[in-house]
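Chain by chain, the residues run as shown.
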Amino acid sequence: MAADTSAGPAQEPVEHLESRQCWDLLRQVSVGRLAVWVDEHPDIFPLNYTVDHGTLVFRTGEGTKLGGALGEAPVALEADGVDAESGMAWSVVVKGKAAPITGTEEVLDSASLYLFPWQAGQKDHFVRITPDSVTGRRFKVTPPLTWWTQLSGAVKASPE
């Protein structure tokens, strides 16, 4: 039996980003997703962050996110974006250790970072993620007609 040699849509290459490019992109957005380990399973939280001298800083209140971030396990923060005009998307992942910012001078410096969470409430805790690794990639967004089928919008029976 002969191999199928029909030409499908060309796959765009993925560009793996250098550290400097990753940090430039992280500075362009302020919302990411923080992955932490909580009660023997992973959990993920959206949050506002800012870049501060090769680290990421966020603020939060008491709760699961803070407890998970400050636990023994490392954390990961993912941020992404897309340029609608060029169709280029990017994703950056920072992995490292999170630690509370506690010293008076450090807290005052962190307060000057203009870090304002979207969700209301008391957000007294500043946390700094010091990276062990920073990785990123950029790629062309696939046009919907490449992956969309006539059944994509079909009504489906509810799972019962």
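Heads up: the structure comes first, above all this text.
This one's a predicted model, so the numbers in the text were calculated from it and none came from an experiment. (Residues numbered from 1 in each chain as written. Predicted model: local features only at pLDDT ≥ 70, side-chain atom pairs only at ≥ 80, totals over all residues. Heavy atoms only, no water.)

1. Notes on the nonpolar core
Consideration 1: Within the largest apolar cluster, 26 residues are counted, with the highest numbers of intra-cluster contacts made by Leu26, Leu34, Tyr49, Leu56, Phe58, Val92 and Ile129.
Consideration 2: Non-local contacts of Leu56, meaning those with residues more than four positions away in its chain, are made with Trp23, Leu26, Tyr49, Thr50, Val51, Leu77, Val94, Val127, Arg128 and Ile129.
Consideration 3: Val57, Ile101, Leu115 and Phe126 belong to the second largest nonpolar core, which has 5 residues in total. (Core = buried A, V, L, I, M, F, W, Y, C linked by side-chain atoms within 4.5 Å. Buried < 20%, exposed > 50% of the residue type's maximum accessible area, 1.4 Å probe, protein only. Contact = heavy atoms within 4.5 Å.)

2. Here's the deal with the pattern of salt bridges
Consideration 1: For the structure on display, the rule yields 6 salt bridges.
Consideration 2: In this structure, Asp24 engages Arg20 in a salt bridge whose closest nitrogen and oxygen atoms are separated by 3.5 Å. Placement of the pair is Asp24 and Arg20 together in helix H1 (residues 19-28), with a separation of 4 residues, close to one helical turn.
Consideration 3: As a salt-bridge pair, Asp24 and Arg27 come within 3.7 Å of each other at their nearest N and O atoms. In this pair, Asp24 and Arg27 are both assigned in helix H1, 3 residues apart and thus about one turn of the helix distant.
Consideration 4: What makes Asp24 partly exposed here is its relative accessible area of 34%. (Salt bridge = Lys/Arg side-chain N within 4 Å of Asp/Glu carboxyl O. Helix = DSSP H or I, 4+ residues; strand = E, 2+ residues; numbered from the N terminus.)

3. Overview of the pairing of strand E8 (residues 125-140)
Consideration 1: Direction of pairing for strand E1 (residues 15-16) relative to E8: antiparallel, over a ladder of 2 bridges. Looking at E8, one finds that Glu15 is bridged to Arg138.
Consideration 2: Sheet analysis places strand E5 (residues 55-60) next to E8, joined by 5 bridges and oriented antiparallel. Pairing of Phe58 across the sheet is with Val127, part of E8.
Consideration 3: The sheet contact formed by strand E7 (residues 88-100) and E8 spans 13 bridges and is antiparallel. When the bridges of E8 are listed, Ala98 appears paired with Ile129. (Pairing = 2+ DSSP bridges.)

4. Considering the pairing of E5
Consideration 1: Burial analysis of E5 places 5 of its 6 residues in the buried class, the great majority of the element.
Consideration 2: The pairing of strand E4 (residues 50-52) with E5 spans 3 bridges and is classified as antiparallel. Looking at the pairing, Val51 lines up with Leu56 of E5.
Consideration 3: What sits between the antiparallel neighbours E4 and E5 is a turn of 2 residues, in which His53 has the positive phi angle 50 degrees.

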